Amino acid sequence: MTDLTFRDATPADIPTMLRLSHAGDARGADTPPLDPATLDDPRYRAAFDEIVADPRHRLVVAEKDGEVVGTLQISFLPGLPNFGMKRGLLENVHIRSDLRGGGHGSTMVKWAIERCREAGCGLVQLTSNKVRVDAHRFYEKLGFAKSHEGFKLKL
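The model shown is predicted, which means the values in this text are computed figures rather than measured ones. (Residues numbered from 1 in each chain as written. Predicted model: local features only at pLDDT ≥ 70, side-chain atom pairs only at ≥ 80, totals over all residues. Heavy atoms only, no water.)

Participant: I tried to follow the overall build of the protein on my own but got confused; where do I start?
Facilitator: Along the backbone of the protein there are five helices and five strands. If you list the helices and strands of the protein from N to C, you get β-α-α-β-β-α-β-α-β-α. Radius of gyration (C-alpha) of the protein: 16 Å, near the 15 Å computed for a compact globule of 155 residues. Overall, the protein is about 45 × 35 × 30 Å in size when its C-alpha atoms are taken along their principal axes. The buried share of the protein, taken over its 155 residues, is 35%. Across the protein, contacts joining residues at least 24 apart in sequence account for 59% of those joining residues at least 6 apart. Accessible surface, the protein as shown: approximately 9,700 Å² in total, 56% of it carbon and sulfur. Of the side chains in the protein, 22 bear a positive and 21 a negative charge, and the two mean positions are spaced by 5 Å. (Helix = DSSP H or I, 4+ residues; strand = E, 2+ residues; numbered from the N terminus. Rg over C-alpha atoms; globule rule 2.2 N^0.38 Å. Buried < 20%, exposed > 50% of the residue type's maximum accessible area, 1.4 Å probe, protein only. Contact = heavy atoms within 4.5 Å. Areas by Shrake-Rupley, 256 points an atom, 1.4 Å probe, with all protein chains shown as cover. Lys, Arg positive; Asp, Glu negative; His and termini not counted. Charge placed at Lys NZ, Arg CZ, Asp CG, Glu CD.)

In C-alpha cells, the structure reads:
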C-alpha cells in the first residue's frame, strides 16, 4: 500500500489538476499543451463549480506528504440496461509522472473503484487515448478489459 490520501478537490487545486492532466505524456493528440498564463481563466472555475454541484460527480485529488500528486473524476451514471445497473465512469485519471511504477496509480484507481462499489455501481468504465499504450497496460493489469471502441465528435 502506498502512502496516498484522497480528498475532494477544492478550487485551489485547479492549477495542479490541469498541470497533471496536460503533462506531456498524459496528453493525447486532442489535448493541446497547457498555457500556464491561462490557469486563472474563469472557464476552469465555472467547469469545476458545475461538476462539484452535481452529486453524481466527484473531482478527487491524491496527496502524498501533503502535496497533490494525482487527480481523477468519478461520475456515477444511471442506466436502463442490465435492470438499471449504475456505472462508474473514471475520467481524467493522472498520477505525477515521477511516481509512476511505484504503485501510486494502482492505489488511486483501486480507491476510485471502491467508491464506485460503495455507490452501487455494477461496472466501472474508462477511456484512454490510443497513444497511451503504457496506460493501457496499466489498466489491463488492474483487471480492465478492452471491450469497446470509442468515438468522439468535436463540436
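Participant: Hey, could you run me through the packing of aromatic side chains in this one?
Facilitator: Any two aromatic rings considered together are summarised by their centre-to-centre distance and by the angle between their planes. What the rule picks out here adds up to three aromatic pairs. Taken together, a centroid distance of 4.6 Å and an interplanar angle of 15° make the contact between Phe6 and Trp111 stacked. In this pair, Phe6 is assigned in strand E1 (residues 4-8) and Trp111 in helix H4 (residues 104-118), connecting sequence segments 105 residues apart. Here Trp111 falls in the buried class, since its relative accessible area comes to 18%. (Phe/Tyr/Trp six-rings, centres within 6.5 Å; stacked < 30°, edge-to-face > 60°.)

Participant: Is there a simple way to think about unusual backbone geometry in this case?
Facilitator: Across the chain, the bulk of peptide bonds are trans and the bulk of non-glycine residues have phi less than zero. For Asn82, which is not glycine, the phi dihedral falls at a positive 55°. Here Asn82 lies in helix H3 (residues 81-84). Accessibility expressed as a relative area gives 53% for Asn82, which makes it exposed. Although it is not a glycine, Phe83 adopts a positive phi angle of roughly 60°.

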